[in-house]
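# A closer look at the structure
This is what each chain is made of:
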Amino acid sequence: MIRRILYFIALAILLAACSSNVSTPEADTLPVLVVDEAHFQDETLVYEIPAGNGFVLDARNYTYQIPVGAGPVTANYLQLVEIAQEGEIFGMELSVGASRSSITADQLLPLTGTSDFGGFGAGQQFVIAIGNMNEERFIPLWTATIEVK
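Residues numbered from 1 in each chain as written. Predicted model: local features only at pLDDT ≥ 70, side-chain atom pairs only at ≥ 80, totals over all residues. Heavy atoms only, no water.

### What about the side chain of Thr145?
You can see Thr145 is positioned in strand S9 (residues 137–148). Take Thr145: its relative accessible area is 8%, and that puts it in the buried class. (Helix = DSSP H or I, 4+ residues; strand = E, 2+ residues; numbered from the N terminus. Buried < 20%, exposed > 50% of the residue type's maximum accessible area, 1.4 Å probe, protein only.)

So, in structure tokens, the structure goes:
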């Protein structure tokens, strides 16, 4: 009887641990961009994604570099700038401590202008920045370029 109770307790703990990383069917079909040092601020090395609704950022193996004087900050925000659209900026909150984040068109809110983000269309190019948003001040911790094919 005790073995059975211990078995169910262990099973409950295992299921609870797994539930925090449940992915959605949409996230399973999105392309994955691995956050790395090679793409950081290198305009010649770009990520390529297919046209669509978004992508997944995977930062599991990346340690963000905190700028001198920035204080203790965490990656909690993403900004996206379409290069051809005169610097129109979109943004979204990131879960603090999350190592993988789905970035989809419906989550990106306009920070400049009033147009909703229309998705990732072929031929578009973006600068993406992951950083810290604190009291309306954004401190970039990692940036890269994305081309939509």
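### Re the pattern of salt bridges
One pass over the structure, following the stated rule, counts 4 salt bridges. The shortest N-O distance in the salt bridge between Glu48 and Lys149 comes to 4.0 Å. Of this pair, Glu48 sits in strand S2 (residues 47–49) while Lys149 sits in the segment after S9; the two residues are 101 residues apart in sequence, bridging distant segments of the chain. For the residue pair Glu48 and Lys149, the accessibility class agrees, reading exposed in each case. Through salt bridges with shared partners, a single network forms among Glu48, Glu147 and Lys149. (Salt bridge = Lys/Arg side-chain N within 4 Å of Asp/Glu carboxyl O.)

### Remarks on the sheet that holds strand S5 (residues 89–93)
With respect to topology, 6 strands assemble into an open sheet ordered S2-S9-S8-S4-S5-S7, the strand pairing being mixed. This sheet does not close on itself; its edge strands, each paired only once, are S2 and strand S7 (109–110). Two elements, strand S8 (residues 125–134) and S9, share 10 bridges in a ladder whose sense is antiparallel. Residue pairing in the sheet places Asn134 in a bridge with Arg137 of S9. (Pairing = 2+ DSSP bridges.)

### What about the environment of Thr145?
Sequence separation of Thr145 and Val81 is 64 residues, and the distance between their C-alpha atoms is 9.6 Å. Among all residues touching Thr145, those that are not within four sequence positions of it are Glu43, Val46, Tyr47, Gln125, Phe126 and Val127. (Contact = heavy atoms within 4.5 Å.)

### Digging into unusual backbone geometry
Excluding glycine, residues mostly have negative phi values, and the peptide bonds linking residues are mostly trans. Positioned with a positive phi, Gln41 is a non-glycine residue whose angle comes to about 55 degrees. Checked against the element boundaries, Gln41 lands in the loop between strand S1 (32–34) and S2.

### Let's talk about the sheet that holds strand S3 (residues 54–58)
In space, the 3 strands of this open sheet follow the order S1-S3-S6, with mixed pairing throughout. The sheet terminates laterally at S1 and strand S6 (100–104), the two strands that pair on one side only. Between one strand and the next, the sheet's axes are offset by a mean angle of 25 degrees, whatever the strand orientation. Where S1 meets S3, 3 bridges bridge the pair, whose relative direction is parallel. (Axes fitted to C-alpha atoms, helices over the stretch in contact; angles between N-to-C directions.)

These figures capture arrangement, not role.
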